[in-house]
Amino acid sequence: MSQTFFSFGIPPALIFIIGALFIPLLKGKLKSAYMLMLPVLAFLVLVIVPEGSNWIVRIVQYDLVLGKVDRLSRVFGYIFTIISFLAVLYAIKVEDNVQHVAGFMYAGAGLGVTFAGDLFTLYIFWELMAVASTFLILARKTQKAQSAAFRYIMVHIFGGLCLLAGIVIYIQETGSTEIVRLTLCSAGTWLIFIGVAVNAAIPPLHPWLQDAYPEATVTGAVFLSAFTTKSAVYVMARIYPGTELLIWLGALMTAIPIFYAVLENDIRRVLAYSLINQVGFMMCGVGIGSALAINGTVSHAFCHILYKALLFMSAGAVLQMTGKIRCTDLGGLYKTMPLTCLFCIVGAASISAFPMFSGFVSKSMIVSAAAHEKLAIVWLMLQFASAGVFHHAGIKVPFFTFFGHDSGIRAKEPPWNMLLAMGIAAFLCIFIGLYPAPLYKILPYPVHYEPFTAFHIVAQLQLLMFGALAFCLLILSGNYPAEMRAVNLDTDWFYRKGAKWIYVAADKALNGVNNACDRLFVKGVVGAAIRFFKDAPLKLTILLSRPFSPLEEGELKQRRFDEMISSMFTTGTIPIGVSAAAAIGVFVMLFFLL
Amino acid sequence: MKKEFAVFDKPENVKRFLRVFYVCLGVLILIDPFIHKHTEFPWEGAFGFFASYGFASCVLLIFIAKGLRIFLKKDEQYYDR
């Protein structure tokens, strides 16, 4: 088995995970070169590995498949390794080894999920992804980040447990660990669905994302933006394609976050909301499930990972160079950070699906698939969300950061490695937007789709430009909601505030029961029993000995007699005759009783 | 000292930018009738449907968001208390 195990090299996931362990041992340029080499190596392995099940490890009676390669998993593998390379390049100057190791472990776990051929392998990498990613948030080392990381890991433990419970029930029912297409028909399949839905940030299970990602480190957020949600999209596309529920959840998911994004002040939180919105398009595509829709979903995931990472990189560059990330604190940065500004605009144009940018050639496939299936309401919701995403991610993010009012900040451009990573990502966004054929070629199904028709381009431009007109008119007329330092309530309220109330309620109720029990049993019943066993023999003795009192009558005398008896009891100096008489008395009693 | 790159500090540049923008909008509307439309839904073919839908969507988005703020907005320390 060992011969076949490595016949196509080391599994990409293990290249990352085992490779990560050596990072702390290296220094300087060697370390940088080594870190950049790992994703390249994983990419090359992906290119040569054939389709089918590879890298199988047999444990007890189950086969763990580390490399189920087909067209669907391979395209996710490609983009995950590409973005790892860019994220590592972006982070190469970070001194903190914890972040590097966590980043590689996290990305490796994402690759592990992608190529998992059985449910056990999927689960192991799923949990590793949750744990490793938490360190990317903790590494920010602020109080807020620590609290957010705690909430983040709790939510993911909940999701992971749902997944595990679902997997166990499913294996009980079917006896198979293979990852196959499922329908929502039993407790097991529902629990697996919920577990995956947590990572996909499907409302109402989404708030961990906008809570945690903006608190992550500058470079950590770039990693985070790529793997958790998109590996969940992949698993949904593999297990639940054509699930109607996903169409509606996806459509809602595109619409709800954009309202929050309009109100949000923190740039990276705006991006987190738009991330949820974009994953909504993908969920909708998975739900529709046709070849065009799945192609749209996969290509959109591919493009989205690039432009979302690009946007998080440019926002991160601003945060690193200015120390600020709120709309209210920023503005006018185009003067001193023109390249970052340009890259941000490319990312913004891509996410808005502007013609000639990457989002256009991928998102339109999903929207067209909805139209082909005659899903009128869904189609209208997706178009609404398309206009909305241009509004907040396309205009608001660059406008309030780089233009808007001049904040007076004169920050420099970030270091060359950050600019280069952003530059490459921006180049890929434009390249795919202009020439989508290479991307279309690696999609799961053959593509018969032409994005560049005149109608399509004009329709999209009208939708976006007139959305921009609304922004302009509202800004100029002062009707645009002002940016404010505030938090906006979301479903995380239920566990952030609600949990406190549950804690207080549990404290009052359970501790109340505890106190009552303490009073009744510990102090009451047990106390009475103790008093009984302690005092009963003495009292009995006094009662029985009174008729034999050698002293005369009278209350005072009587008391003295009682004291004498009790002092005998406490000091253990009862005359032998009394004990013997008592013993005989007991024997006599027993004789008559039995 | 290097001269600062600050094109949008001058109001006339902003005006020029907006003028170009409005011209683009005009062109997009004017060419609408001359485009061959392959539609799935009847309303897609209507004159300027996408323009009006995009505009209406964004206005609606802003005003609903503004309304939601009344219920959703809390001060930044809300969760720390």
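To continue, consider the domain arrangement of chain A. Many structure descriptions define interface size as the accessible area lost when the parts assemble. Here chain A is partitioned into domain 1 (1–240), domain 2 (244–477) and domain 3 (498–593). Here domain 2 of chain A and domain 3 of chain A have C-alpha centroids that lie 81 Å from each other.

Moving on, we get to the nonpolar core. Residue and element names in this part refer to chain A. Formed by 218 residues in total, the largest nonpolar core has its most connected members in Phe76, Tyr106, Trp126, Ile202, Tyr213, Met236 and Met283. Of the residues forming this core, the biggest block, 19 residues, is contributed by helix 13 (residues 291–322). When residues are assigned to domains, this core turns out to be shared by domain 1 (1–240) and domain 2 (244–477), each giving three or more. Apart from residues no more than four positions distant in its own chain, methionine 236 is found in contact with Phe193, Val196, Ala197, Ile202, Pro241, Leu246, Met283 and Val286.

Where the residue is not glycine, phi is negative for most of them; where a peptide bond is considered, it is trans in most cases. The omega torsion across proline 203 of chain A and proline 204 of chain A is 5°, close enough to zero to call that bond cis. The topology assignment puts proline 204 of chain A in the loop between helix 8 (187–200) and helix 9 (207–212).

Below, the discussion takes up the interface of chain A and chain B. The interface is formed by 58 residues belonging to chain A together with 51 residues belonging to chain B. Interface of chain A and chain B: buried area, both sides summed, is about 5,300 Å²; carbon and sulfur atoms make up 72% of it. Our count for the contact surface shared by chain A and chain B stands at 3 salt bridges. Glutamate 40 of chain B serves as the salt-bridge partner of lysine 374 of chain A, at 3.1 Å between the closest nitrogen and oxygen. Counting only elements with at least two residues in the side of chain A that touches chain B, the list comes to helix 11 (244–263), helix 15 (358–372), helix 16 (376–402), helix 19 (454–476), strand 3 (487–488) and helix 20 (493–496) of chain A. A per-element tally of the side of chain A that touches chain B places helix 19 of chain A first, with 17 residues. Pairing of strand 3 of chain A with strand 1 (residues 73–74) of chain B involves 2 bridges; the strand directions are antiparallel. The residue of strand 1 of chain B that forms the bridge with asparagine 488 of chain A is lysine 73 of chain B.

Definitions and cut-offs
Residues numbered from 1 in each chain as written. Chains lettered and ligands numbered in written order. Predicted model: local features only at pLDDT ≥ 70, side-chain atom pairs only at ≥ 80, totals over all residues. Heavy atoms only, no water. Domains from an automatic or database assignment. Core = buried A, V, L, I, M, F, W, Y, C linked by side-chain atoms within 4.5 Å. Buried < 20%, exposed > 50% of the residue type's maximum accessible area, 1.4 Å probe, protein only. Helix = DSSP H or I, 4+ residues; strand = E, 2+ residues; numbered from the N terminus. Contact = heavy atoms within 4.5 Å. Buried area = accessible area lost by both parts, 1.4 Å probe. Salt bridge = Lys/Arg side-chain N within 4 Å of Asp/Glu carboxyl O. Pairing = 2+ DSSP bridges.

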